[in-house]
Amino acid sequence: MYPTLFKLVLTRIDPERAHHLAFEVIRWMPRLGLGPLVHRFTRPRTDIGVDTLGLHFDSPFGVAAGFDKDGHAVIGLGRLGFGHVEVGTLTAVAQPGNPTPRLFRLVSDRAVINRMGFNNGGAEAAVARLGQVRRTPSRPVLGINIGKSRVTAVEDATADYLVSTVALAPLADYLVVNVSSPNTPGLRGLQELDQLAPLLRAVQEHAGDTPLLVKIAPDLTDDEVTRIAGLTVELGLAGIIATNTTLSRENLLTDPAVVAEAGAGGLSGAPLNDRSLSVLRLIRASVPAELCVISVGGVETAQHVVERLDAGATLVQGYTGFLYRGPLWARQINRGLDRLLAGRSTGPILS
């Protein structure tokens, strides 16, 4: 039914409004007592779990940052079958994000352009809410993604990240430093090694025992990807998330006038598949097998997830596919993985 609903109804609604409507349903589902019943229907039927970052993930497939920016729907998303939920991006200073409209569908490409701009209520406001998530039984693994506040100058970025780190690292199963969104001025420049290394060292020092990962852009050169992978190993970080959205508009099926009208922002969805997979392979060739590599970008089916696992991903995330596949997307992935991964390990595993 969902493809029909999407075609006849949802495509007629502003994308951000449609997201909020679906989000509220997911948010309230556990509060209405429907969570356990739904989870019986959506969870994996076989053992497809992965052990990494000192944690157990019931499914290798999770929700990428951006879907639940403030951590309001973590439990509901877990009940829908996602093995982990990465909330954020959260910033030290609450911010409304960029002016609307700021989210655009490219239906022919099964893609989205967004320039949300890290809209969130701020790190401190999320503390009590995420603390409650941590205390909830049978919750999914909780990742927390942090970024630079828009009002903070690039030269003051480290201090800004540390405010979020101190507040949120104790609540996170793993913490992610986001230096790769295209929608915050100057942010991607932090991927330059001379800026990235001291930033990551400082966050690592203040994160304590919480596993720390860094999220990178697909628009880096192959050499830049390899050098950041090397830095990750050198610093002893727990892992890398590859990749964020892209600035590229190459090889799209959507009318160029429609793409131009959407304007600036990061592109996500199916067109990102090839580059994201290529970056994954570059990273895996450069890092030890036990390093956690989370692959995201263009993932929509169970076969895509298996392809990423076979290419060396430890875990896999999705976001845009939710829009095109609907609320039972994680169930579709889990059922496919039940079949495709039967009798074999899901990927690099560490205890």
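Next up on the list: the nonpolar core. Ranked by size, the top nonpolar core spans 78 residues in total, and within it Ile144 and Tyr161 carry the most contacts. With seven residues, helix α7 (residues 193-207) is the single largest residue contributor to this core. The residues contacting Ile144, other than those within four sequence positions of it, are Val87, Leu90, Leu130, Leu168, Leu171, Ala172, Tyr174, Leu175 and Val176. Leu53, Val141, Tyr174 and Val296 belong to the second-largest nonpolar core, a separate cluster that totals 14 residues.

One pass over the structure, following the stated rule, counts eight aromatic pairs. For the pair Phe61 and Phe82, a centre-to-centre distance of 5.7 Å together with 35 degrees between the ring planes defines the contact as tilted. A residue pair is termed long-range when its members are at least 10 positions apart, and Phe61 in strand β3 (residues 61-63) and Phe82 in the loop between α4 (74-79) and β4 (84-90) qualify at 21 residues. For Phe61, a relative accessible area of 0% gives the class buried. Judged by centre distance (6.2 Å) and plane angle (70 degrees), the rings of Phe82 and Trp329 are edge-to-face. Of this pair, Phe82 sits in the loop between α4 and β4 while Trp329 sits in helix α13 (residues 329-340), and the two are 247 residues apart along the sequence.

Of the consecutive residues Gly88 and Thr89, the connecting peptide bond is found in the cis state with omega at 15 degrees. With respect to the secondary-structure elements, Thr89 resides in strand β4. In this model, Ala242 is joined to Thr243 through a cis peptide bond whose omega is 15 degrees. Of note, Thr243 is situated in the loop between β10 (239-242) and α9 (256-262). The backbone of Arg110 sits at a positive phi, close to 50 degrees, despite the residue not being glycine. Mapping Arg110 onto the fold places it in the loop between β5 (103-106) and β6 (111-114). Arg110 sits in the partly exposed class, given a relative accessible area of 32%.

Conventions and cut-offs
Residue positions within a chain follow its written sequence, with the count starting from 1. Confidence filtering applies because this is a predicted model: local features only for residues at pLDDT of at least 70, side-chain atom pairs given and counted only at 80 or more, and all residues used for totals across whole chains, interfaces and linings. To get the side-chain values, take all heavy atoms of the structure and skip hydrogens and water. For our purposes a nonpolar core is just a set of buried Ala, Val, Leu, Ile, Met, Phe, Trp, Tyr and Cys residues, chained together by side-chain atoms within 4.5 Å. Buried means the residue's accessible area, taken with a 1.4 Å probe over protein chains only, is under 20% of the maximum for its type, while exposed means over 50%, and partly exposed covers the values in between. Secondary structure elements follow DSSP: runs of H or I no shorter than four residues count as helices, runs of E no shorter than two count as strands, and numbering proceeds from the N terminus. Residue contacts are defined here by distance: any two heavy atoms, one from each residue, within 4.5 Å place the two residues in contact. The criterion for an aromatic pair is that two Phe, Tyr or Trp rings (for Trp, the six-membered ring) have centres within 6.5 Å, with stacked assigned to planes under 30 degrees apart, edge-to-face to planes over 60 apart and tilted to the rest.

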